[in-house]
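# Structural characterization, general
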Amino acid sequence: MDQIDPAAHETAREKLLKAAAVLFYENGIAGTGIDAIIARAGVAKKSLYNNFASKADLVHQYLTIRHAELLAFYQSRLATAGTPKDKVLAVFDAYQDHAEFAYERGFRGCGLLNAAAELTVGDIGRDAVRRHKEEVEGLIATHLTELLNGDAARAKALARQLAFLLEGAITRAGLEGNGTLVLEARAITSDMLDRL
């Protein structure tokens, strides 16, 4: 029986988003031209403008997808987390999964932070990255509130610290090209939570 190629059924929009995701991550937003995205996607130039208002719109959609990918990693890890501590660590595990994902030229850090570094203050994409990071911190705070028997103020303060630890780890992991430092941050967090 013949195998069906899933790529053959992708829409032009899906092909463009997939191509943009790889190229934006590998080369940066400024380093990726529209022509490169179109060539990698294998679609007509008109397809880009039929699906996206501008390159900025394409960038925003890329960031939205990256956000959803991390949340999917987190939801997968959360599904097996039994305790509030495990739920906090599930956030770190999701970042680890992100770091160990099969990238064409290796792991280069958080794709959202990399993109935000290229965007100007006030850019819609940069705001999307900020909201994403706030949501991650909020997830940590939610699980810490449960761990701390409803002490939301203490949980919020500790979540801020753990979010800083996590973001620092993922940034340094990008320099190393692997998730080892995320694992170290997870171990530090686990020890901290055991002492609460």
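Owing to the predicted nature of the structure, the values given are computational and were not obtained by experimental measurement.

Analysis parameters
- Residues numbered from 1 in each chain as written.
- Predicted model: local features only at pLDDT ≥ 70, side-chain atom pairs only at ≥ 80, totals over all residues.
- Heavy atoms only, no water.
- Axes fitted to C-alpha atoms, helices over the stretch in contact; angles between N-to-C directions.
- Helix = DSSP H or I, 4+ residues; strand = E, 2+ residues; numbered from the N terminus.
- Parallel < 35°, antiparallel > 145°, perpendicular 65-115°, else oblique.
- Left-handed = near helix turned anticlockwise from the far one by under 90°.
- Contact = heavy atoms within 4.5 Å.
- Nonpolar A, V, L, I, M, F, W, Y, C, P; charged D, E, K, R; others polar.
- Domains from an automatic or database assignment.
- Buried area = accessible area lost by both parts, 1.4 Å probe.
- Salt bridge = Lys/Arg side-chain N within 4 Å of Asp/Glu carboxyl O.
- Phe/Tyr/Trp six-rings, centres within 6.5 Å; stacked < 30°, edge-to-face > 60°.
- Buried < 20%, exposed > 50% of the residue type's maximum accessible area, 1.4 Å probe, protein only.
- UniProt positions renumbered as here; feature names shortened; annotations may be inferred.
- Expected span 1.5 Å × (residues − 1).

## As for the packing of helix α4 (residues 55-78) against helix α5 (residues 84-99)
For the pair α4 and α5, interaxial distance at closest approach is 8 Å and the crossing angle is 130°. Relative to α5, the element α4 is oriented oblique. For the pair α4 and α5, the sense of crossing is right-handed. Listed contacts from α5 to R66, L70, F73, Y74, R77 and L78 of α4 are K87, A90, V91, D93, A94, Y95, D97 and H98. Across the contact of α4 with α5, the residue classes tally to eight nonpolar, one polar and five charged.

## Re the domain arrangement of the chain
By domain assignment, the chain separates into domain 1 (8-52) and domain 2 (59-194). Taking the mean C-alpha position of each, domain 1 and domain 2 sit 27 Å from one another. Taken together, the 14 residues of domain 1 in the interface contact 17 residues of domain 2. Around 1300 Å² of area is buried between domain 1 and domain 2 when both sides are counted, 56% of it from carbon and sulfur atoms. Of all residues in domain 1, Y25, E26 and I29 give up the largest surface area on contact with domain 2, accounting jointly for 58% of the area buried on that side. Where domain 1 touches domain 2, the interface holds two salt bridges.

## Considering the packing of aromatic side chains
When we look at a pair of aromatic rings, we describe it by the centre distance and by the angle of the planes. For the structure shown, the criterion picks out five aromatic pairs. Consider the rings of Y25 and Y103, whose centres lie 4.6 Å apart with planes at 20°: the pair is stacked. Linking Y25 in helix α1 (residues 12-27) with Y103 in the loop between α5 and α6 (111-118), this pair joins segments that are 78 residues apart in sequence. Taking relative accessible area as the criterion, Y103 reaches 15% and is therefore assigned buried. With centroids separated by 5.9 Å and ring planes inclined at 40°, the aromatic side chains of Y103 and F107 adopt a geometry described as tilted. Assigned by exposure class, Y103 and F107 land together as buried. A connected cluster of aromatic rings, assembled from ring pairs, spans Y25, F73, F101, Y103 and F107.

## With respect to the UniProt feature "DNA-binding region" (unreviewed entry) in the chain
The sites that UniProt annotates as "DNA-binding region" (unreviewed entry) are residues 33-52. Along residues 33-52 the backbone is 75% helical and 0% strand, and the end-to-end C-alpha distance reaches 14 Å.

## Concerning α1
With 16 residues, α1 should reach 22 Å at 1.5 Å per residue; the first-to-last C-alpha distance of 22 Å fits that figure. Turning to α1, its buried residues are L16, L17, A19, A20, L23, F24, Y25 and E26. Buried residues along α1 sit in contact with α2 (34-41), α3 (45-51), α4 and α6.

## As for the pattern of salt bridges
Inspection of the entire model under this criterion finds 14 salt bridges. The salt bridge involving E69 is made with R66; its shortest N-O contact spans 3.3 Å. Of this pair, E69 and R66 both sit in helix α4, three residues apart, which is roughly one turn of that helix. Where R130 meets D127, a salt bridge forms, and the shortest distance between an N and an O atom there is 4.0 Å. Taken together, the positions of R130 and D127, both in helix α7 (residues 124-147) and three residues apart, correspond to about one turn of that helix. You can call R130 partly exposed: its relative accessible area is 40%. On the basis of relative accessible area, D127 is assigned to the partly exposed category, the value being 26%. Taken together, the shared-partner salt bridges connect R77, D93, D97 and R186 into one network.

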